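Secondary and tertiary structure notes
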Amino acid sequence: MILKKRRIRILCLRIFIMAVLGTWAAVVCLVMPPGIVNAAQRETSSFKLPAYEKITLKNGLTVYLMEHHGVPLIYVSAVFPAGAVRDAGKSGLAYLTAETLLSGTKSYRKKQIEERLELLGVKYYAYADIESAGISMSFINTDQDKVFPLLKEVFQDAVFDPAEFEKRKKRLLLELVQEKEQPSMVIGAYFNKFVFGSHGYGNPIYGTRASVKKIKSIDAKAFYNAHYRPEESVLVIVGDFQTARMKKKVQELFEAWRSKKKPPPLERIPLPAFDKSRVLLVNKSDATETQFAFGALGIPRNHPDYVAVQVVNTVLGGRFTSWLNDELRVNAGLTYGAGSSFNTYKDSGTFVISSFTSADTTVKAIDLALDVLNRLHTEGMDQETLTSARNYLIGQFPPLYETPGSLASLLAATFVYGFDESFVNDFQKNVENVTIEKARKIIAKHFPEDSLQFVLIGKAAAIRDQVRKYGELSEKDIKSDGF
Amino acid sequence: MKRFVLILLAICLLAGASPICAMPATEDVHIFTLKNGMKILVLEDHAIPNVTLQIFFKVGSRNEYPGITGLSHFLEHMMFNGAKKYGPKMFDRVLENAGGSSNAYTTENVTTYQDWVPESALELIFEMEADRMGSLALDEKIVESERGVVLSEYTTGYENSDYELLDDQLRSVAYQAHPYRWPVIGYESDIRNWQRLDIKDYFDRYYAPNNAIAVVVGDVTLAQVKTLAEKYLEPIPARAPPRAVHTREPEQRGEKRLFVHKDVSSPHILIVYHVPETGTADYYALDLLSAILSQGKSSRLYSALISDKPLATEISTYMPNALDPTLFYVYAVCADGVSVKTLEKAILREIDNVVAKGVTGTEIQKAQNNVVASFYRSLETMSNKADMIGTYEIFFGGYQKLFTAPEVYRKVTAMDIKTVAAKYFKKTNRTVGVLEKSEGK
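Residues numbered from 1 in each chain as written. Chains lettered and ligands numbered in written order. Predicted model: local features only at pLDDT ≥ 70, side-chain atom pairs only at ≥ 80, totals over all residues. Heavy atoms only, no water.

This paragraph deals with the overall build of chain A. Scanning chain A from terminus to terminus reveals 19 helices and 13 strands. Taken against the 2.2 N^0.38 rule, which gives 23 Å for 483 residues, the C-alpha radius of gyration of chain A at 23 Å falls within 12% of a compact globule. Expressed along its principal axes, the backbone C-alpha trace of chain A runs to roughly 60 × 55 × 45 Å. Each of the 483 residues in chain A was classed as buried or not, and the buried ones make up 63%. Taking the intrachain contacts of chain A between residues at least 6 apart in sequence as the baseline, contacts between residues at least 24 apart amount to 84%. A total accessible area of about 18100 Å² is found for chain A, and carbon and sulfur atoms account for 53% of it. Computed over 63 positive and 53 negative side-chain charges, the inter-centroid distance for chain A is 5 Å. (Helix = DSSP H or I, 4+ residues; strand = E, 2+ residues; numbered from the N terminus. Rg over C-alpha atoms; globule rule 2.2 N^0.38 Å. Buried < 20%, exposed > 50% of the residue type's maximum accessible area, 1.4 Å probe, protein only. Contact = heavy atoms within 4.5 Å. Areas by Shrake-Rupley, 256 points an atom, 1.4 Å probe, with all protein chains shown as cover. Lys, Arg positive; Asp, Glu negative; His and termini not counted. Charge placed at Lys NZ, Arg CZ, Asp CG, Glu CD.)

As structure tokens, then:
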């Protein structure tokens, strides 16, 4: 299901506004009152990643095992090199493959899988994103012998039943229309397509209608055979178990899994470069507000400056008191939230500033956001602001890895993106190492100043003439297929 | 403490994994009441060097009236905009500088403030929470800029969610009298027109220590929390308890129907039934029934309307936590080419089927197993623990109920579920809302 509707009648002070773009709301602080200690800096016991074991099975599958005995649950996260970058012209194929992965195997039909897992209270889902596909599960530890054999079949013998596939595909075709009725859901896809172009990172994860219509269950089966392979996949298990016993179980269950064929080589399209600013205006004729996102290409996840970039971005747009949120929301009252984020992939990434405002304040809000970005370059930040951002990142770090589920995702990410536990163990040190001088260098190197790429979704007739000034203008209608 | 729990858990597992044995246990939660009537609940948890403080004020949109709808939520925003010691912007700046973050939310029933900090900032959050609770500034100029923020929140909510639009309209029809009939965010005209004095009155009436509870979970000791609560929160004077919400929704006397126009690709349908408030005798059976109807792909509605016949693209059921009698929601979106009439008929057929034939033992077992698993999952983070403890204290008549909930759910029988289904899922008790492009002729 790609549409997430808010079911709970709760209004929050701050939402994680950039669910789509992958970060949260943001910003500013200039002066600290005297006498406030830097609490986070006083922390001596810095947070370390719990012990884990990493093994490679004979078939090449990498396995991470981490004991975590808080509650009697086991978390499994399996990640395959089967994301939308591998769609190879069949936009939506990786997603549909993941979506139908659990709809039948050699010995279990779709209903049997669902009934078995749900009877046990298992939480499970399969997904595909830009670079990977995966399955995540959590279940009560005493049920592991009922869950693992099924998981084994899903890895090796998914069948992609044509009838089930067609049902899911039909729903997806409608969902692709529905998601455009919620601009915040699709601005990320428009932005990625606009900046990455024909590079795989521009592929819309859920596909386009024209493409999805043509995909058949045999395409999914072929995609599965080519890309769900042990050599480049990872299986992470975190929870209430004993490592030695679990290791044995994993070997027995998963070692016989063999890849079925060699994957086609990933098409290496060069990353685009921009020498001028461009504006994509997406017309939504009944819109009363404008959603906007602008930025440029960013850094890959394993870039050595990753943590330092997060420190600077915390100041710019990574927390509630960040400069962007302070100017656009707190001072000007133009929006419910504004922020910036670095979305990182294996070989590249994006830097995006985003917010939303009513149609008549669109230019005012974008100008203000541009001023803030400009201020980062011309004035930089003072020591107090930097210290506060460092404290914030350090203080908020441990809860990120408090649960077995989040630890499983982290371990999977280390495998996929090529970093290791030093990210966690040296996090505090690396944050503290960002000095004013270093921040200045990071800003110059990683925060774009010009040739910015803008995507706006709103009522084109109302804003077209005013937003032309940001760059070379092109237009689409939100109702036309694709991004 | 941690070691003790692990041993306890091991014993529990040997004994057959009784859900009661999950950590933490009732006796791990400490409760004390300050002289001003404010209740403090504490759970020590040393898993990570952090702590969360969550303060629940017993005020929400149910305490409002036309003219000031949305004020509970607006006041929630103003709580971040300056008090006596920590002036405008200072709350967030000081908190984030100390490595902390915060959020808040407003519902029909409660307004909750949540702080997440490294344990070293524990005293700071007590001081800052006491500052804004005891002496909020409500600066006139900031009221105006914050009005803009909330109007943006109002617009973006409806712009990005058809569900929200339909739900807000539908409640105005399902409820004739009770304040649950207006949206938490309020009516646009009220947001534009309330005055500082309205906010001040509202604050004075509801933000009293005796109208709040605080939950602390994290790397702290009970003694530490006691000292800080006595130092910072206890001096805030108690006030006359706010007047109770006495409006009761009169019995519905026939099906009500609503149509909302919006240019959407496929129709949405929302069906609601009046049901009792959270924690009452029928609550647990209704909650299990909700799971049986829509939780997971093997649930009744999902399999009938999505897996077997492609009638809907999504389906869900839901019952909010509520202090007063509330609604049981059934929500669905039509699949391509399916008329809303067809979908409504199919949903009602499934519901009538439960009323007539009840549910199976396997279905109940599945729903109960999911309750137990969710119970464990809900106790994984400090933040969730604090939220659950506060929620049970306010909505279920005591935090202790959190720990006995799995047992209570286990006692629900097939007959109980059939009985509640028959009692509430009646045509006369139903309101049906449709959001669609055109009403037709």
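Picking up after the structure, the text goes on.
Bringing the overall build of chain B into the picture now. Regarding its fold elements, chain B presents 16 helices and 11 strands. Against the globule reference of 22 Å for 441 residues, chain B gives a C-alpha radius of gyration of 23 Å, in line with a compact fold. Its C-alpha atoms give chain B principal-axis dimensions of about 60 × 60 × 35 Å. If you take every contact in chain B between residues at least 6 apart in sequence, the share linking residues at least 24 apart comes to 80%. As presented, chain B carries roughly 15900 Å² of accessible surface, and 53% of it is formed by carbon and sulfur atoms. Distance from the positive charge centre (48 side chains) to the negative charge centre (55 side chains) of chain B: 5 Å.

Right, let's get into the packing of aromatic side chains. Residues and elements named next belong to chain A. Evaluated as defined, the whole model comprises 48 aromatic pairs over all chains. Taking the centre distance of 5.0 Å and the plane angle of 75° together, the rings of Phe342 and Phe447 count as edge-to-face. Of this pair, Phe342 sits in strand S10 (residues 338–344) while Phe447 sits in the loop between helix H18 (436–446) and strand S12 (453–458), placing them 105 residues apart in sequence. With respect to class, Phe342 is no different from Phe447; both count as buried. Look at Phe423 and Phe427: their rings are 5.8 Å apart centre to centre, the planes differ by 75°, and that puts the pair in the edge-to-face class. (Phe/Tyr/Trp six-rings, centres within 6.5 Å; stacked < 30°, edge-to-face > 60°.)

Let us now look at the interface of chain B and chain A. Listed as interface residues are 93 residues of chain B and, on the opposing side, 90 residues of chain A. Between chain B and chain A, a total of about 7800 Å² is buried, with carbon and sulfur atoms accounting for 52% of that surface. Per-residue buried area on chain B facing chain A is highest for Glu96, Asn97 and Glu159 of chain B; these three make up 9% of the total on that side. Here chain B is connected to chain A by five salt bridges. Between Glu96 of chain B and Arg319 of chain A there is a salt bridge, with its nearest N and O atoms 3.1 Å apart. Across the contact surface, chain B and chain A share 33 residue pairs in polar contact (both at pLDDT 80 or more). With 10 residues, helix H5 (residues 140–160) of chain B is the single largest residue contributor to the side of chain B that touches chain A. Broken down by class, the residue content of the side of chain B that touches chain A amounts to 35 nonpolar, 35 polar and 23 charged. (Buried area = accessible area lost by both parts, 1.4 Å probe. Salt bridge = Lys/Arg side-chain N within 4 Å of Asp/Glu carboxyl O. Polar contact = N/O pair within 3.5 Å; in protein donor to acceptor, adjacent residues only side chain to side chain. Nonpolar A, V, L, I, M, F, W, Y, C, P; charged D, E, K, R; others polar.)

To continue, consider the environment of Ile140 of chain A. Its location among the elements puts Ile140 of chain A in strand S6 (residues 133–140). Considered as a pair, Ile140 of chain A and Val71 of chain A are 69 residues apart in the sequence and their alpha carbons are 8.8 Å apart. For Ile140 of chain A, the residues in contact, after removing those within four places along its chain, are Pro72 and Leu73 of chain A together with Val372, Ala373 and Tyr376 of chain B.

Under the defined criterion, the tally for this structure stands at 45 salt bridges over all chains. Where Lys110 of chain A meets Glu114 of chain A, a salt bridge forms, and the shortest distance between an N and an O atom there is 3.0 Å. Taken together, the positions of Lys110 of chain A and Glu114 of chain A, both in helix H3 (residues 110–119) and four residues apart, correspond to about one turn of that helix. Take Lys110 of chain A: its relative accessible area is 16%, and that puts it in the buried class. Here Arg192 of chain B and Glu188 of chain B are joined by a salt bridge, their closest N and O atoms 2.8 Å apart. Within this pair, Arg192 of chain B and its partner Glu188 of chain B are both found in helix H7 (residues 188–193), separated by four residues, close to a single helical turn. Exposure remark for Arg192 of chain B: the relative accessible area of 47% places this residue in the partly exposed category.

Next up on the list: the domain arrangement of chain B. All names here are of chain B. Each assigned domain of chain B is listed with its residue range as follows: domain 1 (26–233) and domain 2 (256–436). Listed per partner, the contact involves 41 residues of domain 1 and 38 residues of domain 2. Of the roughly 3300 Å² buried at the junction of domain 1 and domain 2 (both faces included), carbon and sulfur atoms supply 70%. Area buried by domain 1 at its contact with domain 2 is led by Tyr163, Leu166 and Leu170, which between them contribute 19% of it. (Domains from an automatic or database assignment.)

A common way to report how large an interface is uses the accessible area buried once the components associate. Residues and elements named next belong to chain A. When the domains of chain A are assigned, the result is domain 1 (50–254) and domain 2 (278–477). Measuring from the centre of the C-alpha atoms in domain 1 to the corresponding centre in domain 2 gives 29 Å. Opposite the 30 residues of domain 1 that make contact, domain 2 presents 39 residues. For the domain 1 and domain 2 pair, buried surface summed over both sides reaches about 2900 Å², with 76% attributable to carbon and sulfur atoms. Our count for the contact surface shared by domain 1 and domain 2 stands at zero salt bridges. Taken together, the connections running from domain 1 to domain 2 amount to six residue pairs in polar contact (both at pLDDT 80 or more). Contributing elements (two or more residues each) for the side of domain 1 that touches domain 2: strand S3 (62–67), strand S4 (73–80), helix H6 (183–196) and strand S7 (234–239). Here the side of domain 1 that touches domain 2 gets 10 residues from one element, more than from any other, and that element is H6.

Bringing the sheet that holds S7 of chain A into the picture now. Read across the sheet, six strands follow the order S2-S3-S7-S4-S6-S5 (chain A) without closing on themselves; strand pairing throughout is mixed. What marks the edges here is a single partner per strand, and that holds for strand S2 (53–56) and strand S5 (123–128) of chain A. Adjacent strand axes in the sheet meet at a mean angle of 10°, parallel and antiparallel pairs treated alike. In the sheet, S5 of chain A pairs with S6 of chain A via six bridges, with the strands oriented antiparallel. Directly across from Tyr124 of chain A, in S6 of chain A, lies its bridge partner Met137 of chain A. Across the face of the sheet, helix H13 (residues 361–378) of chain B comes into contact with S4, S5 and S6 of chain A while running at roughly 105° to S6 of chain A. (Pairing = 2+ DSSP bridges. Axes fitted to C-alpha atoms, helices over the stretch in contact; angles between N-to-C directions.)

Below, the discussion takes up the packing of helix H3 (residues 90–97) of chain B against helix H4 (residues 122–134) of chain B. All names here are of chain B. H4 packs onto H3 with a crossing angle of 175° between their chain directions and a minimal axis gap of 11 Å. Classified by the angle between their axes, H3 and H4 sit roughly antiparallel to one another. Seen from H3, the contacting residues are Phe91, Val94 and Leu95; seen from H4, they are Leu124, Ile125, Met128, Glu129 and Arg132. (Parallel < 35°, antiparallel > 145°, perpendicular 65-115°, else oblique.)

Residue and element names in this part refer to chain B. Where helix H14 (residues 382–395) contacts helix H15 (residues 400–410), the axes come no closer than 7 Å and their chain directions differ by 90°. Looking at the two axes, H14 sits roughly perpendicular to H15. Between H14 and H15, the residues in contact are Met388, Ile389 and Tyr392 and Lys401, Leu402 and Ala405, respectively. A class-by-class count of the residues in the contact of H14 with H15 yields five nonpolar, no polar and one charged.

Right, let's talk about the environment of Asn81 of chain B for a bit. Residues and elements named next belong to chain B. Residue position: Asn81 is located in the loop between helix H2 (71–78) and H3. A relative accessible area of 8% means that Asn81 is categorised as buried. Residues Asn81 and Glu153, spaced 72 residues apart in sequence, show a C-alpha to C-alpha distance of 17 Å. With residues up to four places along the chain from it excluded, the contact list for Asn81 reads Pro88, Ile142 and Glu146.

All names here are of chain B. There is a patch of like positive charges on the surface, built from Lys309, Lys341, Lys345 and Arg349. Tracing the chain through its elements places Lys345 in helix H12 (residues 340–357). Taking the relative accessible area as the measure of exposure, Lys345 reaches 62% and is therefore exposed. (Patch = residues over 30% accessible without salt bridge, like charges linked within 9 Å, V, L, I, M, F, W, Y side chains within 5 Å.)

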